[in-house]
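Next come the chains, spelled out residue by residue.
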Amino acid sequence: MLQKIFRYLNPIHQLGNIQYSVLFPVLANILVYICSEFYIYGVTDGANAGSYVIFISIAFIIYFAFRDGISGGLISTGIAIFYYLYIVWDREYQGTELLAALQTIAVIGFLYAFLALVIGWLKQTIDMLIVQEKIARHEAEESAVQLQTILQQLPVGVLIFNKSTKALLGNKQVEDILGSQVTTEIATVAPPESSIQSGTNHAVSEIQAPLLKALTTGEVTNTKEVEYVRKDERKVYLRVNAAPVRNKEQEIIAAVSTLDDITEEKDLERRKDDFVNMASHELKTPLTSMKLYIQMLLRWTASYKNPKLQKTVATMQMQADRLQDLVNDLLDVSRIQTGKLSLTKERCNLTELVAETVEVLQPTTKTQKLRFEQSKPIYVEVDRFRIYQVITNLITNAIKYSPANSDISINIANKRNEVVVSVADKGIGISPEQREKVFERLYQVTDNTERAYPGLGMGLYISKEIISRHKGRIWVESELEKGSTFYFSLPKVK
Ligand code: ADP
């Protein structure tokens, strides 16, 4: 109780409380002047009354202005002035004495009011700042709770490293994905700098690496795939992302990393690849014998003078060839996936190889002209068949994706360390966003439902792999509706 009264009276305790009392200053001031009136008359009999009363007034004005703001100070001032006027009336001042007293009251009143306003304004400003700070703190606490809830509800593992507190925060999903021990390890071994530098656990370090990079260099990591063996020996595949968190001054204050368990996705993909691999192998054998029979049929029908029959068998052969190309592409894709695409490199004249390919492909289009100016021989060490396959793919694409009566130019640029082969068409072109994607597996720009252009989106993927296995590069320059130029480079033989 006493403590409560003390808190109520102590103005320091009232800081930050913006509900200023009116009743308390009114009652307290009236009470104190009644008491002082009794004191002056009863005890001191009026001696030194003036300075005593002024002292009391100033003390009360300061106190109430500091406790109850401007209103508290002004109430104290008002009651003090009222009391002074009462004294003038009560003591029956006359003439010049009365005038002097009233003048003094006016001056003192003005000073009191000024004092009340200054102290009251200061007090109210301090209160406002405290309140604002309280609100900001409350909001920060609330958003921290919200963030925590969101973190726990996210379907992915999230790691947040705070630079200033050096605390690593992880949600429950991180534990589920990595196994609890590792999380403890991450949490306790953190800051990530130390565990990576000392290399305490290689796998953990790999997971932390993007986080560390984001923290130190501000680099954003997008979908880095990490293979991780848990303590219970289960192998999991994770997709790790990381990004820095910056303040208004663009300084990095934290880093966030997400861990997505893609083991099931990977498993499904592997099973799909296995199926494609198996199916294409199974298709290969009957297809080979089918082609053999078609060849025999072709020979037999050659002796019959029946053009209709010959045309039918020729169409059969063409379709069987297309089917074989498709199966071969499927097999190549699975070879790439399993790392079994082997190359038999030999020294070969690239100019000659391009010329041969152009010669083979020219008959496949009646309306488009393949232009290639054969120049002097350029030697490269490559798998002849595979490079033939790449050139074929680029030229057939150029034929497929450009209108009739448009030319296709094939060029070889002999550079200092490399040779660059280009195939340029004036066809439909590729938008900037799609340019990198066309080299991805099974990627087709055109809508599948439209089926305007046949194909499965394997050719460029296989080409890219073949070229990169030759330590070369493959890229495209293109403009929509204007045409595309595909390039690939090969290192020159020293
Ligand atoms: P596809 O069998 O579908 O042609 P590719 O891997 O060879 O497969 O090509 C992938 C995609 O790239 C194609 O579906 C097509 O949308 C686009 N593309 C390839 N070459 C060209 C080109 N010369 N002009 C325009 N688009 C092309």
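Report on the accompanying structure. (Residues numbered from 1 in each chain as written. Predicted model: local features only at pLDDT ≥ 70, side-chain atom pairs only at ≥ 80, totals over all residues. Heavy atoms only, no water.)

The subject of this paragraph is the sheet that holds strand β5 (residues 252–261). Sheet architecture is open: five strands sit in the order β2-β1-β5-β4-β3, paired in antiparallel fashion. For this open sheet the edge positions go to β2 (167–170) and β3 (221–229), each flanked by a neighbour on one side alone. The average angle at which neighbouring strand axes cross in this sheet is 20°, direction not considered. Where β3 and strand β4 (residues 235–246) come together, seven bridges link them in antiparallel fashion. Considered in β4, the bridge of Glu225 is made with Arg239. (Pairing = 2+ DSSP bridges. Helix = DSSP H or I, 4+ residues; strand = E, 2+ residues; numbered from the N terminus. Axes fitted to C-alpha atoms, helices over the stretch in contact; angles between N-to-C directions.)

As a further point, take helix α3 (residues 49–90). In this model, α3 (42 residues) spans only 14 Å end to end at C-alpha, well below the 62 Å of a helix rising 1.5 Å per residue. At Asp68, α3 shows its largest bend, some 150°. Two residues or fewer after α3 comes Glu92, characterised by a positive phi angle close to 55°. (Expected span 1.5 Å × (residues − 1). Bend = angle between axes of the 7 residues up to and from the residue.)

Here the focus is unusual backbone geometry. Look at Glu92: it is not a glycine, yet its phi comes out positive at around 55°. In this fold, Glu92 is placed in the loop between α3 and α4 (95–153). What makes Glu92 exposed here is its relative accessible area of 60%. Although it is not a glycine, Asn405 sits at a positive phi angle of roughly 65°. Assignment of secondary structure puts Asn405 in the loop between α12 (384–400) and β9 (408–414). (Buried < 20%, exposed > 50% of the residue type's maximum accessible area, 1.4 Å probe, protein only.)

On to the pattern of salt bridges. Scanning the model with the defined rule gives 24 salt bridges in all. Note that Arg239 and Asp260 form a salt bridge whose closest N and O atoms lie 3.8 Å from each other. Remark: Asp260 occurs in strand β5 and Arg239 occurs in strand β4; sequence separation between them is 21 residues. Residue classification places Arg239 among the buried residues on the basis of a relative accessible area of 18%. Asp407 serves as the salt-bridge partner of Arg371, at 2.6 Å between the closest nitrogen and oxygen. Separated by 36 residues along the polypeptide, Arg371 in strand β7 (residues 370–372) and Asp407 in the loop between α12 and β9 bring together distant segments of the chain. (Salt bridge = Lys/Arg side-chain N within 4 Å of Asp/Glu carboxyl O.)

So, about the site of the ligand. Surrounding the ligand, one finds 21 residues, the nearest of these being Asn397, Tyr401, Asp425, Gln444 and Leu460. Surface burial for the ligand is 97%, taken as the share of its 530 Å² of free accessible area covered by protein chains. Elements supplying a minimum of two residues to the shell around the ligand: α12, α13 (459–469) and β12 (483–491). Element by element, the count of residues in the shell around the ligand is highest for α12, at three residues. Within the shell around the ligand, the residues separate by chemical class into 10 nonpolar, nine polar and two charged. (Near = heavy atom within 4 Å. Areas by Shrake-Rupley, 256 points an atom, 1.4 Å probe, with all protein chains shown as cover. Nonpolar A, V, L, I, M, F, W, Y, C, P; charged D, E, K, R; others polar.)

This part takes up the packing of aromatic side chains. Tallied over the entire structure, the rule returns 12 aromatic pairs. Ring centres of Tyr83 and Tyr84 lie 6.5 Å apart, and the angle between their planes is 50°; on these two criteria the pair is classed as tilted. By the burial criterion, Tyr83 is buried, and Tyr84 matches it. Taken together, the ring pairs connect Tyr33, Tyr83, Tyr84, Tyr86, Trp89 and Tyr112 into an aromatic cluster. Above the ring of Tyr8, the side-chain terminus of Arg67 is found at 4.3 Å from the ring centroid. Sitting over the ring of Tyr237, Lys266 keeps its end group 5.9 Å from the ring centre. (Phe/Tyr/Trp six-rings, centres within 6.5 Å; stacked < 30°, edge-to-face > 60°. Lys NZ or Arg CZ within 6 Å of the ring centre and 35° of its normal.)

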